[in-house]
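Chain residues, written in single-letter form:
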Amino acid sequence: MTRRTVLITGASGVVGTAVLAELSGYDVIAAAYRRLPGGSNRVVRLDLHAPSLGLDRRAYRELCAEVDAVIHSAAIVNFSADQAEVDRLNIEGLGRVVEFAAEADATLVHVSTAYVSRYGRAGGGGRLGTEKVAARTDEYVTSKYLGEQMVRDSGIDALIVRPAIVIGDSRTGVIRQHQGVHQLAEYLVTGKLPFIPAHPGTFFDLVPQDMVAQGIRAVLDADLRKGDYWLTAGPAGIPVERYLELVTETARECGMGIPDGRIADPSIVDRLVRPAFADVLPAEDLARLDGVVAVCGLVIIPELLPTSFGTIPGGPDAMTPAQAEDAWRVSLRHLIRGLQQ
């Protein structure tokens with residue numbers, strides 16, 4: 001069988017680097033703009049803001065002629081970015097990738113987010129619990145929702161994969177860049193935040209980066225051309241109470257003497273924290289707190305997500321609750337070791 005050529009956008013990001021490590025047997029072209037990745041025999045600088053992806057027409061046509069599949073993982077996930085910046089990459093940049101896939105007659109694997117399930121719903125990333133949100137999670141969710149619509153309407157062979165919160169490798173905890181859920185854990189273990197802004201009975205959906213990459217590889221290997229795939233913990237989502245226990249237990253195992261954390265209603269920030277501390281806390285600390293509340297309002301979910309693990313031909317089995325907890329412990333240990341150095 002002829003080896004297929006796969007182009008990965010955002011190859012230096014969290015999902016991109018994990019996928020890159022899983023694609024042995026394919027000819028891989030790793031594409032990025034600012035931070036060019038290692039791990040591939042061929043690296044190309046693409047600009048998704050520019051016509052022809054920033055290439056001259058000859059180079060663009062040659063790339064089209066080579067590529068059989070595109071894994072599009074490039075996106076802005078910076079929740080403090082403004083709407084114009086988010087749309088410029090997550091929607092307009094995606095449009096250029098869709099055009100490229102159409103011209104290349106290539107299958108597109110579009111990396112979206114499981115949190116499109118929160119679009120248009122209370123707790124979907126708007127102003128959750130505080131009126132002074134520093135993180136615009138609603139703009140990110142909207143961009144990913146509209147991006148999915150664009151992919152479906154394009155008429156090309158395209159799959160949509162929806163990772164939940166991507167944590168470190170299940171065996172090592174290593175991750176290209178810490179996510180909001182890691183930052184929350186860091187604030188808890190360092191005493192910068194004594195509580196989680198959440199409601200009892202809600203959940204975190206944490207999925208290791210290697211499992212996400214294996215799911216993406218599986219849809220390529222199966223030569224799937226259509227469909228939506230949830231790359232999530234699903235029924236193995238971790239209750240927020242258990243998340244807090246795991247952070248505390250793991251920190252203590254690593255020699256950090258931290259007090260028991262607690263869960264607090266997100267509205268406590270405006271009702272109590274701001275009135276009590278607005279005059280004494282630096283503005284950046286208040287902005288950090290507002291950002292934590294906004295991000296938690298998006299990723300801490302009231303119902304468990306669906307999962308496609310266990311149904312993708314050749315893909316990973318669905319996670320068990322024990323596996324989800326073990327993966328988060330590994331991620332926490334890696335995080336805490338970094339803090340202790």
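Residues numbered from 1 in each chain as written. Predicted model: local features only at pLDDT ≥ 70, side-chain atom pairs only at ≥ 80, totals over all residues. Heavy atoms only, no water.

- Within an unreviewed UniProt entry, the label attached to the chain reads Thioester reductase domain-containing protein, and the organism entered is Micromonospora viridifaciens.

Quick notes on the overall build of the chain
Consideration 1: Of the regular secondary structure elements, the chain holds 10 helices and 13 strands.
Consideration 2: Relative to the compact-globule value of 20 Å for 341 residues, the chain shows a C-alpha radius of gyration of 20 Å, a close match.
Consideration 3: If you line up the chain on its principal axes, its C-alpha atoms span 60 × 40 × 35 Å.
Consideration 4: Looking at the chain as a whole, 54% of its 341 residues qualify as buried.
Consideration 5: For the chain, the share of sequence-separated contacts (at least 6 apart) that also reach a separation of at least 24 residues comes to 77%.
Consideration 6: Taking the average location of the 34 positive side-chain charges in the chain and that of its 42 negative ones, the two points are 3 Å from each other. (Helix = DSSP H or I, 4+ residues; strand = E, 2+ residues; numbered from the N terminus. Rg over C-alpha atoms; globule rule 2.2 N^0.38 Å. Buried < 20%, exposed > 50% of the residue type's maximum accessible area, 1.4 Å probe, protein only. Contact = heavy atoms within 4.5 Å. Lys, Arg positive; Asp, Glu negative; His and termini not counted. Charge placed at Lys NZ, Arg CZ, Asp CG, Glu CD.)

Some thoughts on the sheet that holds strand β5 (residues 107–111)
Consideration 1: Across the sheet, 7 strands lie side by side as β3-β2-β1-β4-β5-β6-β11; this open sheet has parallel pairing. Bordering the open sheet on either side are β3 (42–45) and β11 (226–231), each of which pairs with just one other strand. Taken pair by pair, the neighbouring strands of this sheet meet at an average axis angle of 20°, ignoring direction.
Consideration 2: Pairing geometry for strand β4 (residues 69–72) and β5, over 4 bridges, is parallel. In the sheet register, Val-70 faces β5, and the bridge partner there is Leu-108. (Pairing = 2+ DSSP bridges. Axes fitted to C-alpha atoms, helices over the stretch in contact; angles between N-to-C directions.)

Some remarks on the pairing of strand β6 (residues 158–163)
Consideration 1: Counting buried positions along β6 gives 6 out of 6 residues, so the element sits mostly inside the fold.
Consideration 2: Of the two faces of β6, the one carrying Ala-158, Ile-160 and Arg-162 and the one carrying Leu-159, Val-161 and Pro-163 are both buried.
Consideration 3: Judged from the 4 bridges that link them, β5 and β6 form a sheet pairing that is parallel. For Val-111, the partnering residue across the bridge sits in β6 and is Val-161.
Consideration 4: As paired strands, β6 and β11 are joined by 6 bridges and run parallel to one another. Bridge assignment links Ile-160 to a residue of β11, and that residue is Asp-228.

Regarding the nonpolar core
Consideration 1: By size, the foremost hydrophobic cluster in this structure holds 85 residues, and its most contacted members are Ile-71, Phe-204, Ile-216, Tyr-243 and Trp-328.
Consideration 2: Excluding its chain neighbours within four sequence positions, the residues that come into contact with Trp-328 are Ile-167, Val-181, His-182, Ala-185, Leu-206, Ile-238, Tyr-243, Leu-246 and Val-247.
Consideration 3: One finds Ile-29, Leu-55, Val-70 and Leu-108 within the second-largest nonpolar core, a separate group that totals 29 residues. (Core = buried A, V, L, I, M, F, W, Y, C linked by side-chain atoms within 4.5 Å.)

Here we look at the side chain of Glu-325
Consideration 1: Inspection of the secondary structure puts Glu-325 in helix α10 (residues 321–340).
Consideration 2: With relative accessibility at 18%, the residue Glu-325 sits in the buried group.
Consideration 3: In this view, Glu-325 contacts Ile-238, Arg-242 and Leu-246; residues no more than four positions away in its chain are not counted.

Details of the environment of Val-6
Consideration 1: Along the polypeptide, Val-6 turns up in strand β1 (residues 5–9).
Consideration 2: The spacing of Val-6 and Leu-108 is 102 residues in sequence and 9.8 Å in space, taken between C-alpha atoms.

Overview of helix α7 (residues 240–253)
Consideration 1: Look at α7: 20 Å from first C-alpha to last across 14 residues, which is about the 20 Å you get at 1.5 Å a residue.
Consideration 2: For α7, the full list of buried residues reads Val-240, Arg-242, Tyr-243, Leu-244, Leu-246, Val-247, Thr-248, Thr-250 and Ala-251.
Consideration 3: Positive phi shows up at Gly-255, right after α7, with a value of about 90°. (Expected span 1.5 Å × (residues − 1).)

Regarding unusual backbone geometry
Glycine aside, residues mostly have negative phi angles, and peptide bonds mostly take the trans form.
Consideration 1: At Ser-52, a position not held by glycine, the phi torsion is positive, near 55°.
Consideration 2: Its location among the elements puts Ser-52 in the loop between β3 and α2 (57–66).
Consideration 3: Given a relative accessible area of 17%, Ser-52 falls into the buried group.
Consideration 4: Backbone geometry places Asp-223, a non-glycine residue, at a positive phi of 55°.
Consideration 5: Tracing the chain through its elements places Asp-223 in the loop between α6 (209–221) and β11.
Consideration 6: The exposure class assigned to Asp-223 is partly exposed, which follows from its relative accessible area of 35%.

Considering the pairing of β4
Along any regular strand the residues' side chains alternate between the sheet's two faces.
Consideration 1: Here β4 shows a buried face lined by Ala-69 and Ile-71 and a second buried face lined by Val-70 and His-72.
Consideration 2: As defined by bridge partners, β1 adjoins β4 across 4 bridges and the pair is classed as parallel. Along β4, the bridge assignment pairs Leu-7 with Val-70.

Regarding the packing of helix α5 (residues 180–189) against α7
Consideration 1: Between α5 and α7, the shortest axis-to-axis distance is 10 Å and the interhelical angle comes to 55°. By the angle class used here, α5 and α7 are oblique. In the packing of α5 onto α7, the handedness of the crossing is right-handed. Every residue of α7 that contacts α5 at Val-181, Leu-184, Ala-185, Leu-188 and Val-189 is listed here: Tyr-243, Leu-244, Val-247 and Ala-251.
Consideration 2: Looking at the contact of α5 with α7, its residues break down into 9 nonpolar, no polar and no charged. (Parallel < 35°, antiparallel > 145°, perpendicular 65-115°, else oblique. Left-handed = near helix turned anticlockwise from the far one by under 90°. Nonpolar A, V, L, I, M, F, W, Y, C, P; charged D, E, K, R; others polar.)

Things to note about the pattern of salt bridges
Consideration 1: For the structure on display, the rule yields 21 salt bridges.
Consideration 2: Residues Asp-157 and Arg-225 are paired through a salt bridge, measuring 3.1 Å at the closest nitrogen-oxygen approach. Taken together, the residues span a long stretch of sequence, with Asp-157 in the loop between α4 (137–153) and β6 and Arg-225 in the loop between α6 and β11 at a distance of 68 residues.
Consideration 3: Assessed through its relative accessible area of 28%, Asp-157 is described here as partly exposed.
Consideration 4: Taking relative accessible area as the criterion, Arg-225 reaches 36% and is therefore assigned partly exposed.
Consideration 5: One salt bridge connects Arg-329 with Asp-326, and the closest N-O pair in it is separated by 2.9 Å. Here Arg-329 pairs with Asp-326, and both are found in helix α10, just 3 residues apart, close to one helical turn.
Consideration 6: Here Arg-329 falls in the buried class, since its relative accessible area comes to 17%.
Consideration 7: The class of Asp-326 is partly exposed, set by a relative accessible area of 41%. (Salt bridge = Lys/Arg side-chain N within 4 Å of Asp/Glu carboxyl O.)

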